[in-house]
Amino acid sequence: MSGSSRIVAVLGPTNTGKTHYAIERMLGHRTGVIGLPLRLLAREIYDKIVAIRGPSVVALVTGEERIVPPRTQYWVCTVEAMPEGMGADFVAIDEIQLCADPERGHVFTDRLLRARGTNETLFLGSDTMRGAIAALVPEAQFVRRERMSKLVYSGSKKISRMPARSAIVGFSVENVYAIAELLRRQKGGAAVVMGALSPRTRNAQVDLYQNGEVDYLVATDAIGMGLNLDVNHVAFSSLTKFDGRRMRPLAPNELAQIAGRAGRGMSDGTFGVTGEAPPLDEGVAQAIMDSRFTPMKKLNWRNAALRFGSIDALIDSLEVSPNDEHLVKARPADDLNALKSLAQVTEVVARASDGQSVRLLWDVCRIPDFRGISHAEHASLLEVIYGHLHERGSIPDDFMARQIRRIDRTDGDIDALSKRLAYIRTWTYVAQRNGWLRDESHWREETRTVEDRLSDALHDRLTQRFVDRRTSVLLRRLKQKEALLAEVNDKGEVTVEGEFVGRLEGFRFIPDKAAQGTEAKALKSASLQALAPQFHLRADRFYNAPDTEIDFTDQGGLMWGEYAVGKLVAGAEPLKPMVEVFVDEAAGPDVEQKVQRRLQHFIDRKVAALFEPLLNLQRDEELSGLAKGFAFRMVEALGVLPRAQVAQEVKDLDQDARGALRKHGIRFGQFTIFMPLLLKPAPTRLRLVLWALSSGLQEFPEAPPPGLVTVPVAKDAPQGYDTMCGYRDAGERSIRIDMLERLADMLRSEDSRGGFEAKPDMLSITGMTLDQFADLMQGLGYKAERGEREKVKPAPVEQPEAEAAGQPTAEEILAPEAATDEVATPAEAPAEATASTEAAAEAPVADPAPDEPEVEVFYTFTWGRQRQQNRGPRREQGQGKGKPRGKPQDGRGKPHGKKGGKPQGAKSFSSRPPKKEKAIDPDNPFAAALMGLKDGN
């Protein structure tokens, strides 16, 4: 290792992109080796690198597979099969926390201590390894990577309620098969993934799941080692496993390694338990979610400096104890147990008489026990293989042919095929050893062919047993593009092969809820295939439909009759919303574009019709200067603008600018500047939707019922909601802004200094009782003092029934308001006054005694500075601190009561000649009011 070699430990939980990072780093070097924990994962990474660099420079070396091109630059291996002494620029070891594994840990520890790249070395794994690596490899640097998505514990779920895209984990073949069978009956089917499967079978099963033919995966803990699957939820059917010697509970970090397969990439995932597994302890579940585990303090170790002088010397060297406190002697592995067994065989001892023979014996003992029949059976097979190699220098062809011929059968059930696959893996491993066979290429091809054949047969058996047959047939016919008998009636009901499968709502297919799992997906695929012509027919009919058949909802949905066909989304401007359509992908881009265009035309015309005055204001090129800027504010506010927000802008507008704006229907009220035509129910409803879109609200508030002068204040409504509705909050109720302006006109004639009482007309236009009116006035900034007095009965006067009842008539409520311009808001008036009204008789009183006078309740209103929850009128410029209360303030537009009059302060002078007054346009709807103001001056 060169002095400039860089050693980095990239540590963190699952789904942090560690392996992907290692691949990128390796491909940045001229040569590299990466060691992986599983043959299945090694194959996956090999395929990924081949796709980037091509097969001519990438090698795959595992115990049972060896692909080594002549110009190999990058080696993808299992950790046990990593070549030594190559001097590669880059070396990486994945899942380095397996140093603590009781069976294979010593191999990973050896790579941690001895495997190095000349330029860079990476160790990838859990953060629990930080302390051990720091102690054993002091020069190592550490990089912490965080999980890219959240992992949440969801508790216990029955298999019948397991969500789609779930992986259920078992720790024995019997458990895996039982769960898969249950899923077939309840959910339509499941794919099966186990470490004992060949890569070909495993990939076929994974494709079954990844392609959506089944929504469930049943697996052993093999999925915990970096296999990338589209899994949303991981459920443990057991929390214990057999580790080769005993049943033991899984450690939290082992559970986390498996649970972390949920939620790959940026997608969040969940994990939980099912079946007979008890719920996880709260502390364990939280540790998994937070990736907090007990650090690993002891790593399994076995001596790598072997002595091959004799069998006993080899055994002694293998049993040397470590001399580091962070290392612990590994328990005897299968290869050491096999060596000890063969050391008891006289013939073997006789053959292993020199270093070369002992080394050969050790190589034979390292053949894995794939069959798992018994230790004695495995030792007997190894004895035979060693005898052939030592005596003949290679294994005879006829011996290999007999072994393979017995295995090369595809009949039988799943168990029989699984056993044959385990047997062929032994001979696949033998064929991969250099020099053990005369014709290595032939036997490697022969064993690979048999393994593939058995793998395909096993995949078929697994699919037949654990996937619903009817669904499999339907999927196969769909893949082969066979025509299916499907019909759609005039109600949108869809049938396939005579079976009801769902209905067509708008341009979306809604599957039958009775169909579940894989069956539902297959039926949906068949239905969408049959619906292709129907989608085009519907799109043509929809495109030519009149606007009266289309409408928008208060939540921004777009409806065609009773079905939703799209929704509104925010555009670049509030008055230019965009459209998002609800069209099944199977309908095709032509249908989607046609629906998109029709809906966009609809909403554009709707905005143009309901907001015509505002659009005309926006397009008026004659506006300039302050008038143009104010017009922009009005368009931005969708035609309703609280005066307090633009007090200074209004003050800066001259009469010409105001006249130009009034031509577009803008009314300058005391409280609100608005366009009366936009207060109608239809524009108000659309304005609320456009405002909610531009404000990014998640839930759109609805418009108040039309025709009401006052409505209760919406307590939880977003800020600005009352204005967009055309109302102003005052006390416990909101009053319509045009009625508020009429009320303000009445209040200007009252003496707000001494006090006044509500007139019948005030109660009439608001439609309120006296108590309600008092609350309204307080919300507008007035003080309301309640009192009682003897009631004076008025002389009887004949009058219309509606007027006698004190109720507002339709003419009063709907009468057009006079233009209100240069008047000030009540907030600008400090005056205080009193008055009375006969409408106070509406308050409830007790029946008087015959000889006692009748008592009535009345309120006296005076202007008050105190604001209630910021609902009262705002103080504008010119009302600074320190000015005495009870006196009118200077400045244009300030309200004055009867006793107020004009202020006697300093006058304003100008050196400019007086400006010639512009003649009042007789067609202006506010001409009469303007003439009155002029005459008043």
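What counts, and where the lines are drawn
- Residues numbered from 1 in each chain as written.
- Predicted model: local features only at pLDDT ≥ 70, side-chain atom pairs only at ≥ 80, totals over all residues.
- Heavy atoms only, no water.
- Pairing = 2+ DSSP bridges.
- Helix = DSSP H or I, 4+ residues; strand = E, 2+ residues; numbered from the N terminus.
- Axes fitted to C-alpha atoms, helices over the stretch in contact; angles between N-to-C directions.
- Contact = heavy atoms within 4.5 Å.
- Salt bridge = Lys/Arg side-chain N within 4 Å of Asp/Glu carboxyl O.
- Buried < 20%, exposed > 50% of the residue type's maximum accessible area, 1.4 Å probe, protein only.
- Phe/Tyr/Trp six-rings, centres within 6.5 Å; stacked < 30°, edge-to-face > 60°.
- Lys NZ or Arg CZ within 6 Å of the ring centre and 35° of its normal.
- Parallel < 35°, antiparallel > 145°, perpendicular 65-115°, else oblique.
- Left-handed = near helix turned anticlockwise from the far one by under 90°.
- Nonpolar A, V, L, I, M, F, W, Y, C, P; charged D, E, K, R; others polar.
- pLDDT = per-residue confidence, 0-100.
- Arc of directions from axis to C-beta.

Before going further, it helps to examine the sheet that holds strand S25 (residues 563-569). Here we have four strands laid out as an open sheet, ordered S23-S24-S25-S26, and antiparallel in their pairing. Where the open sheet ends on each side, the last strands, each with one partner, are strand S23 (550-552) and strand S26 (578-581). Within this sheet the neighbouring strands show an average axis-to-axis angle of 30°, counted without direction. Of the strand pairs in this sheet, strand S24 (residues 557-560) and S25 are connected by four bridges, and their pairing is antiparallel. Residue pairing in the sheet places Trp560 in a bridge with Tyr563 of S25. In the packing of helix H19 (residues 589-610) onto the sheet, contacts are made with S23, S24, S25 and S26, and the angle to S26 comes to roughly 145°.

Tallying each qualifying case throughout the model produces 54 salt bridges. A salt bridge links Arg453 to Asp408; its shortest N-O distance comes to 2.9 Å. Within this pair, whereas Arg453 is found in helix H16 (residues 440-466), its partner Asp408 is found in the loop between helix H14 (397-407) and helix H15 (414-432), the two being separated by 45 residues in sequence. Owing to a relative accessible area of 29%, Asp408 belongs among the partly exposed residues under this scheme.

Here the focus is the packing of aromatic side chains. Aromatic ring pairs are defined here through the distance separating the ring centres and the angle between the ring planes. Within the structure shown, the criterion is met by 13 aromatic pairs. For the pair Tyr859 and Phe861, a centre-to-centre distance of 6.3 Å together with 20° between the ring planes defines the contact as stacked. Ring pairing ties together the aromatic residues Phe756, Phe773, Tyr782, Tyr859, Phe861 and Trp863, which thus form one cluster. In this structure, Arg433 is placed above the aromatic ring of Tyr429, and the distance from its NZ or CZ to the ring centre is 4.1 Å.

Here we take up the packing of H19 against helix H24 (residues 681-695). The geometry of H19 relative to H24 is characterised by a closest axis approach of 10 Å and an angle of 125° between their N-to-C directions. One finds that H19 runs oblique with respect to H24. As for how H19 packs across H24, the hand of that crossing is left-handed. Two secondary-structure elements touch here, H19 through Ile603, Lys606, Val607 and Leu610 and H24 through Ala682, Pro683, Leu686 and Leu690. Among the residues making up the contact of H19 with H24, the classes are represented as seven nonpolar, no polar and one charged.

The predicted model of the chain has a mean per-residue pLDDT of 82, with 82% of residues at 70 or higher. Taken element by element, the predicted model of the chain shows its lowest mean pLDDT in helix H30 (residues 810-814) (38) and its highest in strand S6 (residues 90-93) (97). In this model, residues 801-846 is a region of pLDDT below 50 whose contacts with residues beyond four sequence positions or in other chains number 142 contacts.

Within the sequence span of H14, burial applies to Phe399, Met400, Gln403, Ile404 and Ile407. Here the buried residues of H14 occupy an arc of 125° about the axis, which is enough to place them on one side. Structural note: H14 exposes Arg405 and Arg406 on the side pointing more than 90 degrees away from its buried face. Where the residues of H14 are buried, they touch helix H13 (375-392), H15 and H16.

If you trace the backbone, Pro69 turns up in the loop between strand S4 (66-67) and strand S5 (74-78). A relative accessible area of 14% means that Pro69 is categorised as buried. Separated by 11 residues in sequence, Pro69 and Val58 place their C-alpha atoms 7.0 Å apart. Discounting residues that sit within four places of it in the chain, Pro69 has contacts with Pro55, Ser56, Val58 and Ala59.

Next up on the list: the sheet that holds S6. Strand order across the open sheet formed by eight strands is S4-S3-S5-S2-S6-S7-S1-S8, with mixed pairing between neighbours. In this open sheet, the two strands that pair with only one neighbour each are S4 and strand S8 (141-144). Bridge analysis of S6 against strand S7 (residues 120-125) gives four bridges, and the strand direction is parallel. Note that in S7 the partner of Ile93 across the bridge is Phe123. Across the sheet, helix H1 (residues 18-27) touches strand S1 (6-11), strand S2 (32-36), S5, S6 and S7, and the angle it forms with S7 is around 170°.

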